[in-house]
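Coordinate analysis (summary)
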Amino acid sequence: MEFTAKQIAEYVQGRIEGDEQAKVNTFAKIEEGKEGAISFLSNPKYTHYIYDTASSVVLIDEGVELERPARPTLIRVKNAYECVARLLQLYDSMKPRKQGINPLAFIDPTAKVGEGCYVGAFAVIGEGVSIGDNCQIEPNAVIGDRVKIGNDCHIYPNVSVYHDCVLGNRVVIHSGTVIGADGFGFAPTPNGFDKIPQIGIVTIEDDVEIGANTCVDRSTMGSTYVRKGVKLDNLIQVAHNVEIGENTVIASQTGIAGSTKVGKWCMMGGQVGMAGHISIADQTHVGAQAGITNSVKKPGQTIIGSPAWDAKGFMKSAAVFRHLPDMYQQIAELKKEIETLKKDKN
């Protein structure tokens, strides 16, 4: 599939500098450019690559100033990163999708599979399952009894969706992820820990994407919720009865303990840990490796540290922390001077 710089500029509403008939048929990083590729430049520290890149076309932010003419055709846009994301989405949507049921798949006779679907080899679809149109169920995926899946979903290989869970439209779940395993509920007794049955479900709303080897546990009662537009990275643990608000994004190795409520449009770095039964306000930004032990009530804060608190205060404290050894030595010297002064006075 091939496009000209002119066609791309019209699609992203950009301004061309150079040959508007330059043709591209693939993508490449600007430092690894090749003939026929389109690259992008949004980070100023990569600007030096634009003069020598072999890419035919480069998307570039309007505000980037060049010291000399660049070899490739440039398309000036407001935000090159957003534009290349749009182009990648367009490219991905044009790739042919598989259809049909592999003869090695098992689909229970009571299950309903919509039109235009693909079910791969050794996938298992249980009793009473409902799958919408144009879904991709890859090999070895297991869809448990009475699961409901909307339209245009993509379930990658070796995903397990436990019984009764609900997935909306355009949900993407990557390999190895488990949706609806039991929440970690045990009651202490004199003889050990008795399991508390987890009789709830997981509800995943529209336009959610969940990375590989992530776990979203079913609720004790009611539902664990992953709301519309949420994006979860690989290796994340979402415990029972958690609710993650709309359009929140969470990076790898984050753990959310039971019954915690995360607001809308939050952003969390890797290895964040959240205690149970707390609430995180909308638009909270959390730095990597933060430990959140109490509710965050004020929207729009940036927090970091363990226990997590306001990022500016944390940075000020971190600056002081670096000087603690010198400060300790100074205090020790002052103590000696005071003791000497006391002896001289006596």
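Structure: above.
Here we summarise the structure given alongside this text. Being a predicted model, the structure only gives us computed values, none of them experimental. (Residues numbered from 1 in each chain as written. Predicted model: local features only at pLDDT ≥ 70, side-chain atom pairs only at ≥ 80, totals over all residues. Heavy atoms only, no water.)

1. Overview of the overall build of the protein
A count of helical and extended segments in the protein gives four helices and 40 strands. Since a compact globule built from 346 residues should have a radius of gyration of about 20 Å, the 27 Å found for the protein marks it as more spread out than a globular shape. Seen through its principal axes, the protein has C-alpha atoms that stretch 100 × 75 × 30 Å. Going through the 346 residues of the protein one by one, you find that 39% of them count as buried. In the protein, the share of contacts with a sequence separation of at least 24, taken over all contacts with a separation of at least 6, comes to 17%. A total accessible area of about 19300 Å² is found for the protein, and carbon and sulfur atoms account for 54% of it. (Helix = DSSP H or I, 4+ residues; strand = E, 2+ residues; numbered from the N terminus. Rg over C-alpha atoms; globule rule 2.2 N^0.38 Å. Buried < 20%, exposed > 50% of the residue type's maximum accessible area, 1.4 Å probe, protein only. Contact = heavy atoms within 4.5 Å. Areas by Shrake-Rupley, 256 points an atom, 1.4 Å probe, with all protein chains shown as cover.)

2. Looking at the pairing of strand β27 (residues 223-226)
Relative to β27, strand β24 (residues 201-204) runs parallel, the two being bridged by four bridges. Note on β27: the bridge partner recorded for Ile201 is Ser223. Pairing between β27 and strand β30 (residues 243-244): two bridges, direction parallel. From the neighbouring strand, Val226 faces β30, where its bridge partner is Ile244. (Pairing = 2+ DSSP bridges.)

3. Some points on the environment of Asp108
Topologically, Asp108 is positioned in the loop between β9 (106-107) and β10 (112-113). Taking the relative accessible area as the measure of exposure, Asp108 reaches 13% and is therefore buried. Taking the C-alpha atoms as reference, Asp108 lies 35 Å from Thr248; in sequence the two are 140 residues apart. Not counting chain neighbours up to four residues away, the residues in contact with Asp108 comprise Ile125, Gly126 and Glu127.

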